Each structure stands twice: as structure tokens, then as C-alpha cells.
Amino acid sequence: MLNAPQHVKEHIFKYSADKFQRVELTEEAIKLADTYMEEIVVGKTSLEDCRHIALATIHKVNVLASWNFKHIVNLDRIKGYNSVNLRLGYSMIEIRSPKDLVNYGND
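Residues numbered from 1 in each chain as written. Predicted model: local features only at pLDDT ≥ 70, side-chain atom pairs only at ≥ 80, totals over all residues. Heavy atoms only, no water.

Novice: Help me out: how do you make sense of unusual backbone geometry in this one?
Specialist: Peptide bonds are, in most cases, trans, and in most cases residues other than glycine have a negative phi. A positive phi angle, near 55°, is found at Ile40, a position not held by glycine. Turning to its location among the elements, Ile40 is positioned in the loop between helix 2 (27–38) and helix 3 (47–58). The exposure class of Ile40 is exposed, given its relative accessible area of 67%. Even without being glycine, Lys60 reaches a positive phi, approximately 55°. Residue position: Lys60 is located in the loop between helix 3 and strand 1 (63–65). (Helix = DSSP H or I, 4+ residues; strand = E, 2+ residues; numbered from the N terminus. Buried < 20%, exposed > 50% of the residue type's maximum accessible area, 1.4 Å probe, protein only.)

Here it is, written out as C-alpha cells:
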């Protein structure tokens, strides 16, 4: 969130703190993220992205939204993350662009 664009920060601050849950990095998440790296789902510079996805996977997040199209919202990468998840007994994770999650009122 620290490096998010200002308009994203402003949008987040519209919600009260009780709408968010802070999660800590655990050994389980570190191990899962390391497995993504070992399986070369992404390159070595993407450790933080892998930890983000691992935490979302472990906490069974419904949908992970990201603007990171290179390392996260990328069909080949998503297949890689989910391949590891399924092989290790985790659920698949939905990863989408925030644009995909906006309801424009067109029912």
C-alpha cells in the first residue's frame, strides 16, 4: 500500500479500519512462496509478490486484485501459482485486475 498511487490510497481510506484484516507473514506462507520461486512461476526478483499470493492463498481470499500485470495478473503466472497450490493441497486462487471487479451498474 505504501507504493500505491495516490488515487488508490484515497479509495482505500474511504473504508473504515474494521473492513480490513491484517495478516502476518508465517512460515507456511514463506514456504509456499519459496515453492512458487523454486517452480519458476516468477523470477527471483518477485519474492514479495509470491508472499502476497501465498498469504492470500492460505487465508482463502475470494479474489486477489492487483495492478501488477507482469508478476501477478498474468495468465501464465496464475496457472503456475494454481498448479503449485493444487499439488500442495491448497485451493486455487482467483487473481484479477481491479477493473474486472468494478460494477458499472450494467446488470
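Novice: Help me understand the side chain of Ser66, please; the structure alone is not making it clear to me.
Specialist: Structurally, Ser66 is set in the loop between strand 1 and helix 4 (75–87). Not counting chain neighbours up to four residues away, the residues in contact with Ser66 comprise Ile72, Val73, Arg96, Ser97 and Pro98. (Contact = heavy atoms within 4.5 Å.)

Novice: Please clarify how the packing of aromatic side chains should be interpreted in this entry.
Specialist: Two numbers describe a pair of aromatic rings. These are the distance of the centres and the angle of the planes. In the structure shown here, the tally under the stated rule is two aromatic pairs. Here the aromatic rings of Tyr36 and Tyr81 are separated by 4.9 Å at their centres, their planes lie at 75°, and the arrangement is edge-to-face. Here Tyr81 lies in helix 4 and Tyr36 lies in helix 2, a separation of 45 residues in the sequence. Look at Tyr36 and you get buried, because its relative accessible area is 0%. (Phe/Tyr/Trp six-rings, centres within 6.5 Å; stacked < 30°, edge-to-face > 60°.)

Novice: What should I look at first to understand the pattern of salt bridges in this one?
Specialist: Opposite charge on two side chains permits them to pair, given that their charged atoms come into close proximity. Counting across every chain of the model gives four salt bridges. Glu24 is the salt-bridge partner of Arg22, the closest N and O atoms lying 3.6 Å from each other. Taken individually, Arg22 and Glu24 each receive the classification exposed, so the pair is uniform in this respect. A salt bridge links Arg87 to Glu39; the shortest N-O distance between them is 3.0 Å. Separated by 48 residues along the polypeptide, Arg87 in helix 4 and Glu39 in the loop between helix 2 and helix 3 bring together distant segments of the chain. (Salt bridge = Lys/Arg side-chain N within 4 Å of Asp/Glu carboxyl O.)

Geometric descriptors of this kind do not, in isolation, establish any biological role.
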